[in-house]
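Here's the letter readout for the chains.
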Amino acid sequence: MTPINFSNVAAAAQALQGIARRTPVLTSRQADEASGARLYFKCENFQRAGAFKFRGAYNALSRFDAGQRRHGAVAFSSGNHAQAVALAAKMLGMPAVIVMPDDAAPAKLAATQEYGAEIVRYDRYAEDRTAIAQRLVSERGATLVPPFDHPDVIAGQGTVAKELFEETGPLDYLFVCVGGGGLLAGCAISAAELSPGCKVIGVEPEAGNDAQQSLRSGAIVRIPVPQTIADGAQTPAVGEFTFPIMQRLVSDIVTVSDDQLRAQMRFFAERMKVVVEPTGCLAAAAVMNRVVDVRGLRVGVVVSGGNVDIARLGG
Ligand SMILES: *Cc1c(COP(=O)(O)O)cnc(C)c1O
């Protein structure tokens, strides 16, 4: 298995220079009071296409060789990875096919289409998206870009924490949400290099704590697709690449409830004037609810994305 280390993250940062947004690090006196710590929010809700996924997608596509560029990229996703691959392909001038379910949010379908990607739709209850994507790979020679379990994707996501530490200096803790673990693994690699001694904590929805079970048991645990409003973390298992990195560099994984996520979304909107999607609230909710005691410490909190369905936010 290809080892991934900080030099890969540094190379990804080079590839993303002037391409990905260097997102702001926000602070909030009210958030500090609630948590008892000094919090630094790295706000990837302001990233291109609304989430950190653009970093990994662009880094992976930018490393395609000439043949791969000609035949383009394939991705399957109903969420932020689809839009990230579509946008990255457009910027790099290559074709992209995105396999999306029939019942994907209309806003997400529209955004993916606007980026110029071809969309292949499927019935998520009757068809297997992996098989459809594999068919596109073999018929067209296109390259599959997985949402988290790929070294170039992990290295791209690691630039989030690299930028954070460059701005804040060393921190005591870093909290990162976990779906398949691409963001967490990448950020843990940056933390180990730029802030040795910083404890890295993953945060999952209570209803889908497969990563927590995996880390605690020492083997990848697979669960049924969890029911949670954190749709970016509805992954049944972490990855073959991401898990060993988590085992080596992540101190623990904790969980928060959907109610805590709703309260956190409201806090971000009302108090900090930022729109954060439910999955993007995971890390912040853990800290603000004092799931880990971080009183008096300097704590980084990754805010992973801001793609909320406004119709739902109003409710
Ligand atoms: C994909 C996604 C996640 C989870 O990322 P992984 O790399 O799969 O762990 C978290 N938040 C948002 C907004 C996402 O789009």
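Please refer to the structure higher up on the page.
Reading the values: rules and limits
- Residues numbered from 1 in each chain as written.
- Predicted model: local features only at pLDDT ≥ 70, side-chain atom pairs only at ≥ 80, totals over all residues.
- Heavy atoms only, no water.
- Near = heavy atom within 4 Å.
- Polar contact = N/O pair within 3.5 Å; in protein donor to acceptor, adjacent residues only side chain to side chain.
- Areas by Shrake-Rupley, 256 points an atom, 1.4 Å probe, with all protein chains shown as cover.
- Nonpolar A, V, L, I, M, F, W, Y, C, P; charged D, E, K, R; others polar.
- Salt bridge = Lys/Arg side-chain N within 4 Å of Asp/Glu carboxyl O.
- Helix = DSSP H or I, 4+ residues; strand = E, 2+ residues; numbered from the N terminus.
- Buried < 20%, exposed > 50% of the residue type's maximum accessible area, 1.4 Å probe, protein only.
- Phe/Tyr/Trp six-rings, centres within 6.5 Å; stacked < 30°, edge-to-face > 60°.

A. Region of the structure containing the site of the ligand. The environment of the ligand is made up of 16 residues, and the closest members are K53, N80, G179, G181 and S304. In the model, an oxygen atom of the ligand is placed 2.8 Å from a nitrogen or oxygen of the N80 side chain. Here an oxygen atom of the ligand and a backbone polar atom of G180 are 2.8 Å apart. Against a free-state accessible area of 380 Å², the protein chains account for coverage of 96% of the ligand. Partitioned by chemical class, the residues of the shell around the ligand number five nonpolar, nine polar and two charged.

B. The arrangement of the pattern of salt bridges in detail. This model, assessed by the stated rule, comprises 14 salt bridges. A salt bridge links E166 to K162, with the shortest nitrogen-to-oxygen separation between them at 2.6 Å. Pair noted here: E166 and K162 are both in helix 8 (residues 151–168), with a separation of four residues, about one helical turn. Residue class for E166 comes out partly exposed when judged on its relative accessible area of 42%. Its relative accessible area of 15% is what places K162 among the buried residues. The salt bridge involving R295 is made with D293; its shortest N-O contact spans 2.9 Å. In this structure R295 comes out as exposed when scored by relative accessible area, which is 54%. Owing to a relative accessible area of 47%, D293 belongs among the partly exposed residues under this scheme. One connected set of salt bridges, linked through shared partners, spans K42, E44, R55 and E163.

C. Structural view of the packing of aromatic side chains. Considering all chains together, one arrives at four aromatic pairs under this definition. Centroid distance F41 to F268: 5.6 Å. Interplanar angle 80 degrees. Geometry classified as edge-to-face. With F41 in strand 2 (residues 38–43) and F268 in helix 12 (residues 258–271), the pair connects residues that are 227 residues apart, well separated along the chain. Judged by its relative accessible area of 0%, F41 is buried. Taking 6.5 Å as the distance between ring centres and 70 degrees as the angle between the ring planes, the aromatic pair formed by F267 and F268 counts as edge-to-face. The pair formed by F267 and F268 is uniform in burial state, with each residue classed as buried. Clustering of aromatic rings is evident, with ring pairs tying together F41, F267 and F268.

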